[in-house]
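Residue-level listing of the chains:
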Amino acid sequence: MRKITIICILIAISLTQRINAQIVIGAPSLGFTQACASETFNTYNVTFSFSPESALSSTNQFIIELSDNTGSFSNSTIVFTSAQGVVATSPATLSFSLLNDTSGEAYKIRIKSTAPIATSSNSIAFPAYYKIQDEPFTINNLISTGAYCFGGSYLLTIDNPGFGLNDSPLQYPSLTFNWYKETSPTTSVFVATGSSLSVNQPGTYFVETNYGTCTSDSYSNRVTITEATTTSTSTISSSLGNPYCSSQGATTLSAINGNSYQWYKDGVAISAATSQMYVTNQPGTYLVTIDLGSCVTNASIDLENNGFNSSIDVAGTNVLLSGETLVATVTTDATNPEFEWYLNNTLIVNATGNSYEASQIGNYKVIVNQTTGCIASNEFLFTITEPFPDVANIPNLISPNGDGINDTWVIPQQYVSGTNTEVIIISSKGEIVLKTNDYLNNWPENQINFKDINPVYYYIITPQNNKTRKGSITVVK
């Protein structure tokens, strides 16, 4: 009898332990109606109750399990696991984050415990999206128009990578896309899904990244599609905008999709410019003819450079008599201009205005800098010389030895700079060593390599009256 009593007691203890080791977890209550996660926000709270608290083991962990986007837990994902024994009182609130490939309208969660093992019923369904790309992007190379031939179609595509800082959503394989056609300035209708859209109906189209009921800034520019005619035109986009800033480099001009292309600048065909894109750093009027298959259309752009305009009011070469000065003034439409004046390539300290009064002989330079907006510069050069000596005859001998006497070929004033006289000097081998209409009595500017003793050169001087003078120049050491 005593043995039977002991066995009954052990069975009773075992049954009591089994009963105490079971808990019931209630359906989780969501602290949100939809989960629209992003890089800057991705924390969501869920509250649940369980009973009895005393049944929890000290090693127990609570797990938040996320279903697939249809609400099925057959391929669920664990999005949170508590530390052992930390959650011991009911009700409890836990937080979780979405993975960056989360996308759908019917997710559910459930709660699991590990010691003892138990699983709650499912939560209500909720939309959940991780907005891995959440800013505007470009389609159609940012060209606002497109055209197709009668009976044909035009292909709109999401740019990858596209122009400038375009963050193409095609870089994120988990994303899907919805295309729309505008029905009014504020309304649109769904057309299709996919990363491209073949259009055979006129209208204005755009595409959005599919984030369901979550609001987002991941949408494209609008493109207006028309049926091409003999007089129809489309637009050309410039990667640096229009006007563009030439200091940023060349800009890329892009036309709509077609079979073949021919680009023109200011009405003249550009050789070998037969691609959809054309790279240039020159402003002007650009036109491209586009073969669409069974018809041809044109596109054009008046490309402007938003640098600035400047001018200087002095000639390239200026003569000063002793005691005279020359005031040079720059006129410019540059924004917040800065001026740098140089004499013989040395910066003139404190010369920072748009005018400078020069009194020394030498080579001058002024650099005009636009310091706001498009950062750009213009440069002007001018020279101040002493009056040319008034010699009577054209010399036939010079001695460029640096002694200051007869070092250069000095000719009468009637033939020098300012008279528009052409001066040509030819070597004995027939090579032209100087040709100018602005002779400054400065030949030879560089040292002559004497391969022959006293080499001979020949000159031809042609003034405006065409009374040509010819002769020879002997160079001696």
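Below is a short write-up of the structure. Keep in mind that what you see is a predicted model, and the values were worked out from it rather than measured. (Residues numbered from 1 in each chain as written. Predicted model: local features only at pLDDT ≥ 70, side-chain atom pairs only at ≥ 80, totals over all residues. Heavy atoms only, no water.)

**Some remarks on the packing of aromatic side chains**
- All told, the structure shown has 19 aromatic pairs when counted by the stated rule.
- Here Tyr180 and Phe206 contribute two aromatic rings whose centre-to-centre distance is 5.5 Å and whose plane-to-plane angle is 20°, an arrangement assigned as stacked. With a gap of 26 residues between them, Tyr180 in strand β15 (residues 177–184) and Phe206 in strand β18 (residues 203–209) connect regions that are remote in the sequence.
- Residue class for Phe206 comes out buried when judged on its relative accessible area of 3%.
- A centroid spacing of 6.3 Å and a plane angle of 45° characterise the contact between Tyr356 and Tyr364, whose relative ring orientation is tilted.
- Aromatic rings pair up to connect Phe32, Phe41, Tyr44, Phe96 and Phe126 into one cluster.
- When the ring centre of Tyr342 is taken as reference, the NZ or CZ atom of Lys365 above it lies at 4.8 Å. (Phe/Tyr/Trp six-rings, centres within 6.5 Å; stacked < 30°, edge-to-face > 60°. Helix = DSSP H or I, 4+ residues; strand = E, 2+ residues; numbered from the N terminus. Buried < 20%, exposed > 50% of the residue type's maximum accessible area, 1.4 Å probe, protein only. Lys NZ or Arg CZ within 6 Å of the ring centre and 35° of its normal.)

**Considerations on the layout of surface pockets**
- Taken as a whole, the second largest pocket holds about 300 Å³ of empty space.
- If you go around the second largest pocket, you meet 14 residues; those closest to its centre are Thr385, Glu386, Phe388, Leu440 and Asn442.
- Going through the elements one at a time, β34 (362–370) and β35 (376–385) are the ones with two or more residues in the lining of the second largest pocket. (1 Å grid on protein atoms, 1.4 Å probe; cavity = no way out; pocket = protein on both sides within 12 Å on 5 of 7 lines; lining within 4 Å. Points joined across faces, edges and corners; volume = space filled by probe spheres on them.)

**Concerning the state of the cysteines**
- Summed over all chains, the structure comprises three disulfides.
- A sulfur-sulfur separation of 2.0 Å characterises the disulfide bridge that pairs Cys149 with Cys295. When the S-S torsion is -95°, as for the bridge of Cys149 with Cys295, the disulfide is left-handed. Placement of the pair is Cys149 in the loop between β13 (145–148) and β14 (154–157) and Cys295 in the loop between β26 (284–291) and β27 (296–303), with a sequence separation of 146 residues.
- A residue is classified by how much of its surface remains accessible, and Cys295, at 17% relative accessible area, is buried.
- The disulfide that involves Cys245 links it to Cys374, with 1.9 Å between the sulfurs. For the disulfide bridge between Cys245 and Cys374, the dihedral angle about the S-S bond is near 85°, and by the sign convention the bridge is right-handed. Remark: Cys374 occurs in the loop between β34 and β35 and Cys245 occurs in the loop between β21 (237–238) and β22 (251–254); sequence separation between them is 129 residues. The pair formed by Cys245 and Cys374 is uniform in burial state, with each residue classed as buried.
- Along the chain, the cysteines that take part in disulfide bonds pair up as 1-3, 2-5, 4-6, counted in sequence order. (Disulfide = S-S within 2.5 Å.)

**Some remarks on the side chain of Thr209**
- Mapped onto the secondary structure, Thr209 falls in strand β18.
- Of note is the side chain of Thr209, whose polar atom sits 2.5 Å from the side chain of Ser218.
- Sequence-distant contacts of Thr209, that is, excluding residues within four places in its chain, are made with Gln133, Phe137, Pro169, Leu175, Thr176, Phe177 and Ser218. (Polar contact = N/O pair within 3.5 Å; in protein donor to acceptor, adjacent residues only side chain to side chain. Contact = heavy atoms within 4.5 Å.)

**Thoughts on the pairing of strand β19 (residues 223–227)**
- With four bridges connecting them, β13 and β19 associate as parallel partners. What sits directly across from Tyr148, in β19, is Glu227.
- Looking at chain direction, β18 and β19 are connected through three bridges and run antiparallel. Looking at the pairing, Tyr205 lines up with Val223 of β19. (Pairing = 2+ DSSP bridges.)

**What to know about the pattern of salt bridges**
- Within this structure, the stated rule accounts for five salt bridges.
- The salt bridge involving Glu182 is made with Arg222; its shortest N-O contact spans 3.0 Å. Note that Glu182 is positioned in strand β15 and Arg222 in the loop between β18 and β19, a separation of 40 residues in sequence.
- For the salt bridge of Lys265 with Asp266, the shortest nitrogen-to-oxygen distance reads 3.0 Å. (Salt bridge = Lys/Arg side-chain N within 4 Å of Asp/Glu carboxyl O.)

**Digging into the sheet that holds strand β3 (residues 35–37)**
- Strand order in the open sheet formed by three strands is β3-β12-β9, with mixed pairing between adjacent strands. The open sheet has two free edges, formed respectively by β3 and β9 (103–107), since each of these has just one partner strand. Each neighbouring strand pair of the sheet contributes to a mean axis angle of 15°, computed without reference to strand direction.
- By the bridge criterion, three bridges tie β3 to strand β12 (residues 126–130) in an arrangement that is parallel. Looking at β12, one finds that Ala37 is bridged to Tyr130. (Axes fitted to C-alpha atoms, helices over the stretch in contact; angles between N-to-C directions.)

**Considerations on the environment of Ile425**
- Summarising the element assignment, Ile425 is placed in strand β37 (residues 422–426).
- For Ile425, a relative accessible area of 0% gives the class buried.
- Taking C-alpha positions, Ile425 is 39 Å from Asn369, a pair spaced 56 residues apart along the chain.
- When sequence neighbours within four positions are dropped, the list of residues in contact with Ile425 reads Trp409, Glu431, Ile432, Val433, Leu434, Trp443, Tyr457, Tyr458, Tyr459 and Ile473.

**Some details on the sheet that holds strand β4 (residues 44–48)**
- Spatial ordering of the open sheet is given by β2-β4-β8, a layout of three strands whose pairing is antiparallel. In this open sheet, the two edge strands, each paired with only one partner strand, are β2 (29–30) and β8 (92–96).

**Points about the side chain of Ser234**
- Tracing the sequence through the fold places Ser234 in strand β20 (residues 233–235).
- Taking relative accessible area as the criterion, Ser234 reaches 6% and is therefore assigned buried.
- In this view, Ser234 contacts Thr145, Ile256, Ile290, Thr297, Asn298, Ala299 and Ser300; residues no more than four positions away in its chain are not counted.

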